[in-house]
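# A look at the structure
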Amino acid sequence: MSLLLAAGTAGAAQVQVAVAANMAAPMQKIAADFARASGHEAVVALGATGKFYAQVRSGAPFEVLLAADDETPARLEREGFTVPGTRFTYATGRLALWSADPAAVDAQGRVLQRAPQGKLAIADPRLAPYGAAAMATLEKLGVLAAWQPHLVQGESIGQAFQFVATGNAPLGFVALSQVMVDGKLAKGSAWIVPAQYHAPLRQDAVVLKPGGSNPAAAAFINYLRGNAARATLRGYGYEVR
């Protein structure tokens, strides 16, 4: 999936940004605001962090990566695919158990302790950090064995969300940012998973080698560090320092 957001000014530079799927909603606003503020254009590709890692190593022309973890940008940095000194944590995400049914999920997540009724959607834990966090949560609760036969995996957290939103799965582990707007649950019912149930979902951004000489890449990273972008992220449930 890709999205082109233009400022509408002549001669604006473009920046190719690979963005973790959990950032789909806030990135719509951040990229549009960035275009208006800078006069540059952001071309945004959404997907699984693990898949982006493989694509960058294979020569994909992405100039900035906004990952769903901190290890993938660090690995790319160690392997020489990034511009040194540009990596930083832009947000810490939260995992949520969500249903489109407003009565399905209780505020303590006790629904997971009951006998499974239907599928439970998660992102592929091999590709998506939010999927790995979901598996860790099920293990922490001691219910992984009960739910394992009922799991349905999406390649990214975006696909896991779609399974639930379309009714193909009554429950799913999603990013809080996918179901929260302006600090409130947009629809359905959700349990926000305690942060101690899984490894921290620290999400790092980094400028990749193809973006090293692109002023739009530097401008985008600077905008992401700024107060406007940080306020947007907080509104979608991210923790931002």
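A short tour of the structure in this document, coming up. (Residues numbered from 1 in each chain as written. Predicted model: local features only at pLDDT ≥ 70, side-chain atom pairs only at ≥ 80, totals over all residues. Heavy atoms only, no water.)

## Structural notes on the packing of aromatic side chains
- What the rule picks out here adds up to 5 aromatic pairs.
- Here the aromatic rings of F34 and F220 are separated by 5.1 Å at their centres, their planes lie at 85°, and the arrangement is edge-to-face. Here F34 is found in helix α1 (residues 24-38), whereas its partner F220 is found in helix α7 (residues 215-225), with 186 residues between them in sequence. Accessibility classification places F34 together with F220 in one group, the buried group.
- Arranged with centres 6.1 Å apart and planes meeting at 65°, the rings of W191 and Y197 form a pair that is edge-to-face.
- Grouped by ring-pair contacts, the aromatic residues F34, F220 and Y223 constitute a single cluster.
- Above the ring of Y53, the side-chain terminus of R75 is found at 5.0 Å from the ring centroid. (Phe/Tyr/Trp six-rings, centres within 6.5 Å; stacked < 30°, edge-to-face > 60°. Helix = DSSP H or I, 4+ residues; strand = E, 2+ residues; numbered from the N terminus. Buried < 20%, exposed > 50% of the residue type's maximum accessible area, 1.4 Å probe, protein only. Lys NZ or Arg CZ within 6 Å of the ring centre and 35° of its normal.)

## Focus: the packing of helix α2 (residues 49-57) against helix α3 (residues 71-78)
- For the pair α2 and α3, interaxial distance at closest approach is 10 Å and the crossing angle is 15°. The pairing of α2 with α3 is recorded here as roughly parallel in orientation. Note on packing geometry: the crossing formed by α2 with α3 is right-handed. Only T72, R75 and L76 of α3 make contact with α2, whose side of the interface consists of T49, Y53, V56 and R57. (Axes fitted to C-alpha atoms, helices over the stretch in contact; angles between N-to-C directions. Parallel < 35°, antiparallel > 145°, perpendicular 65-115°, else oblique. Left-handed = near helix turned anticlockwise from the far one by under 90°. Contact = heavy atoms within 4.5 Å.)

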